Amino acid sequence: MRISVIGCGYLGAVHAACMAKLGHEVVGIDVDERKVNDLSAARAPFYEPGLENLLQEVQQTGRLSFTTDMSAASGSSVHFICVGTPQKHGENAADLTFVDGAVHALLPYLSDSDIVVGKSTVPVGTAARLAEVLASSGSDAQLVWNPEFLREGHAVADTLQPDRFVYGVREGSEDHPAVNVLDQVYATPLASGSPRLVMDLPTAELVKTAANSFLATKISFINAMAELCESAGADVTLLADAVGMDDRIGRKFLNAGIGFGGGCLPKDIRAFMARAGELGADQALTFLREVDAINMRRRTKVVEVARELCGGSLLGRRLTVLGAAFKPESDDVRDSPALSIAAQLQLQGAVVTVTDPQALTNAARRFPELHYEKVTEDALDRADAVLLLTEWREYLDLDPYIVANLVSSARILDGRNALDPNKWRSAGWTYRGLGRP
Ligand code: UGA
């Protein structure tokens, strides 16, 4: 099939490459010329494991191209909308400028049998509104909502073999013609077992925001337990292991620490609350305010623990922060808890050095006032305390005996509860986790 993908960021670039891998002829369209140039040269404009290899592989087939010219969408029968929906400045609501702009820019190039497939995370009601935009433009093209559930760091695998497909169509009917078209687009993953659910437009939009809200709630739940563990002298990691053994609960997303960040969970729960307010259902989501508050408290907590670890004052202390990305296997620093903690420590008088295997360029753009070191050993040099804030594999594999020889004082704060405390303590380190004694 001929497919256009509008917006080539973390979602769209991966989606375009994966659709070409599935055998389709794909054009990726983005307003950012630098991104388009990178992608055209089969270079990933951001770090995502497997993406660059995939781009090289599919570009050799001639099935994948990128452009800034929207007219290239003409001739495709399926158009995926993959642009961002960031938080509005100074408000909780989502900014739909890019989604609206993409759909309007696409209008002149649509044919009547085309389908426009929304993948961006949007407030419920957006799809119905956009369907009206299509209809009132005189086009018979159909609008479908097909939310994306990929995780950064696993985006290629999550796109090629997702744990489910959700198709939102008008009236939620299996007979809707777009269902058959999407089945053809996703024929390969459907044949190998990914289930698909057909539903109405608002339910499809809500599946995505509900899923992200549940994940955020799960993380904040365990972080609330961490607060209790801190007061009661209990260990939140053992608690999570035991609670998570109940199949109904599950151990995933019960890792307490510095909390969640990134370009999705924080802004999605806020946009969800804002939308619920508009719909007169704000009471239903007031608990998300608490989820957000618990999450943000973790960042303050880490600064306090770092101060304690440094003997009561951060002034002039040399601190090394391991990790800047919002999670490992990503260079994304949007609302990264690691980076916001690093900046806070610096504001409170510490001399902070940040290192990260992939995210330093993005980090330096966001917080130019912090000091960055590429090489882990250089970053650790003469540190008064080390903070592990993003659990990259290479940090988990550090040898505490070797690191002890690099730093001034063997003190470590494990913001992800990802290290083995016994191993570090027996190498002479003062170890502090979060929510554990
Ligand atoms: C999230 C969802 O997991 C995806 O399903 C969704 O498609 C995506 O948002 C999106 O809306 O586009 P992502 O932002 O890539 O994916 O990251 P997650 O893996 O969900 O992690 C989010 C944050 O939670 C990270 O900062 C991570 O470190 C933190 N986290 C995760 C914890 O603090 N504890 C945990 O137990 C798990």
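For every chain, the first residue of its written sequence is number 1, and the numbers climb from 1 along that sequence. Local features in this predicted model are restricted to residues whose pLDDT is 70 or higher, and side-chain atom pairs enter the listing and the counts only when it is 80 or higher, whereas totals over whole chains, interfaces and linings include all residues. The side-chain quantities take in all heavy atoms of the structure and omit both hydrogens and water.

1. Remarks on the packing of helix α1 (residues 12-21) against helix α3 (residues 51-59)
Comment: axis = line fitted to C-alpha atoms, over the contacting stretch for helices; angle = value between 0 and 180 degrees taken between N-to-C directions. A run of H or I in DSSP counts as a helix once it spans at least four residues, and a run of E counts as a strand once it spans at least two, with each numbered from the N terminus. Axis separation between α1 and α3 bottoms out at 9 Å; the angle between their running directions is 45°. Taken together, α1 and α3 sit at an angle that is classed as oblique. Crossing geometry of α1 relative to α3 is assigned as left-handed. Packed against α1, whose contacting residues are A13, V14, A17, C18, A20 and K21, the element α3 presents L51, L54, L55, E57 and V58 at the interface. The classification used treats Ala, Val, Leu, Ile, Met, Phe, Trp, Tyr, Cys and Pro as nonpolar, Asp, Glu, Lys and Arg as charged, and all other residues, Gly among them, as polar. Here the contact of α1 with α3 is composed, by residue class, of 9 nonpolar, no polar and 2 charged. Comment on the angle field: the value is read as roughly parallel under 35 degrees, roughly antiparallel over 145, roughly perpendicular from 65 to 115, and oblique elsewhere. Rotating anticlockwise by less than a right angle from the far helix to the near helix defines a left-handed crossing, while the corresponding clockwise rotation defines a right-handed one. When checking whether two residues touch, look at their non-hydrogen atoms; a contact exists if any pair is within 4.5 Å.

2. Quick look at the site of the ligand
Taken together, 21 residues sit near the ligand, with L150, E152, K208, N212 and R416 positioned nearest. Polar contacts, as counted here, are pairs of nitrogen or oxygen atoms within 3.5 Å of one another; within protein the pair requires one atom able to donate a hydrogen and one able to accept it, and residues that are adjacent in sequence qualify only if both atoms are side-chain atoms. One of the side-chain N or O atoms of R416 is found 2.8 Å from an oxygen atom in the ligand. Protein burial of the ligand: of its 720 Å² of free accessible surface, 90% is covered by the chains. Broken down by secondary-structure element, the contributors of at least two residues to the shell around the ligand are α9 (201-232) and α11 (265-278). When residues of the shell around the ligand are assigned to their parent elements, the largest contribution, 4 residues, is made by α9. For the shell around the ligand, the class distribution of residues is 10 nonpolar, 4 polar and 7 charged. Residue ranges labeled as domains rest on an automatic or database domain assignment. Three or more residues apiece are contributed to the shell around the ligand by two domains, here domain 1 (2-198) and domain 2 (200-437). A molecule or strand has a residue near it when one of that residue's heavy atoms lies within 4 Å. Working definition of accessibility: Shrake-Rupley area with a 1.4 Å probe, residue cover restricted to the visible protein chains.

3. Notes on the pattern of salt bridges
Whenever Lys or Arg places a side-chain nitrogen within 4 Å of a carboxyl oxygen from Asp or Glu, that contact is recorded as a salt bridge. Enumeration over the complete set of coordinates arrives at 29 salt bridges. Across the salt bridge formed by E57 and K21, the nearest N and O atoms sit 2.7 Å from each other. Here E57, found in helix α3, pairs with K21, found in helix α1; they are 36 residues apart in sequence, far enough to count as distant. Only protein chains enter the calculation, and the probe is 1.4 Å; a residue is then buried if its accessible area is under 20% of its type maximum, exposed if over 50%, and partly exposed in between. Owing to a relative accessible area of 36%, K21 belongs among the partly exposed residues under this scheme. Ionic pairing is found between R248 and D246, a salt bridge with its closest N-O pair at 2.8 Å. Judged by its relative accessible area of 75%, R248 falls in the exposed class. Linked by salt bridges that have partners in common, R34, D38 and R43 make up one network.

4. Structural notes on the sheet that holds strand β12 (residues 385-388)
Taken in spatial order, the 6 strands line up as β11-β10-β9-β12-β13-β14 in an open sheet, and their pairing is parallel. Two strands lie at the open edges of the sheet, namely β11 (371-372) and β14 (430-432), each paired on one side alone. Strand pairing follows a simple DSSP-based rule, namely that at least 2 bridges must link the two strands. In this structure, strand β10 (residues 351-355) lies alongside β11, joined through 2 bridges in parallel fashion. Within the sheet, the bridge partner assigned to T353 lies in β11 and is H371. Each of β12, β13 (411-414) and β14 touches helix α12 (residues 286-309); the most contacted strand, β13, lies at about 165° to it.

5. Some remarks on the side chain of S213
Looking at where S213 falls in the secondary structure, it is placed in helix α9. Beyond its immediate chain neighbours, meaning those up to four positions away, S213 contacts I269, F272 and L288.

6. Comments concerning the packing of aromatic side chains
Paired rings are identified among Phe, Tyr and Trp, the last through its six-membered ring, by centres lying within 6.5 Å, and are further divided according to the angle between planes into stacked (under 30 degrees), edge-to-face (over 60) and tilted (the rest). One pass over the structure, following the stated rule, counts 6 aromatic pairs. When the centroid spacing of 6.3 Å and the interplanar angle of 45° are considered together, the rings of Y47 and W392 count as tilted. Of this pair, Y47 sits in the loop between α2 (33-40) and α3 while W392 sits in the loop between β12 and α16 (393-396), placing them 345 residues apart in sequence. The class of Y47 is partly exposed, set by a relative accessible area of 24%. When its relative accessible area of 4% is taken as the criterion, W392 is described as buried. Ring geometry for Y167 and Y186: centres 6.5 Å apart, planes at 35°, overall tilted. Here Y167, found in strand β7 (residues 165-168), pairs with Y186, found in the loop between α7 (177-185) and α8 (187-191); they are 19 residues apart in sequence, far enough to count as distant. One aromatic cluster is present, built from ring pairs that chain together F80, F165, Y167 and Y186. Here the guanidinium or amino end of R164 rests over the ring plane of F149, the centre of that ring lying 3.6 Å away. Any Lys NZ or Arg CZ that is within 6 Å of a ring centre and within 35 degrees of that ring's normal is treated as a charge sitting over the ring.

7. A closer look at the domain arrangement of the chain
Domains assigned within the chain are domain 1 (2-198) and domain 2 (200-437). Put simply, the middle of domain 1 and the middle of domain 2, counted by C-alpha atoms, are 31 Å apart. The interface of domain 1 with domain 2 comprises 34 residues on the first partner and 27 residues on the second. When two parts are put together, the accessible area they lose, computed with a 1.4 Å probe and summed over both, is reported as buried area. Across the interface of domain 1 and domain 2, roughly 2,500 Å² is buried in total on both sides, 60% from carbon and sulfur atoms. Three residues, Y47, V124 and E152, lead the burial of domain 1 against domain 2; their summed loss comes to 29% of the area buried on that side.

8. A closer look at unusual backbone geometry
Its identity is not glycine, yet F253 carries a phi of approximately 65°, on the positive side. Of note, F253 is situated in the loop between α10 (236-244) and α11. The phi dihedral of N417 falls on the positive side, at around 45°, and the residue is not glycine. By secondary structure assignment, the location of N417 is in the loop between β13 and α18 (421-426). Looking at N417, the relative accessible area reads 13%, which means it is buried.

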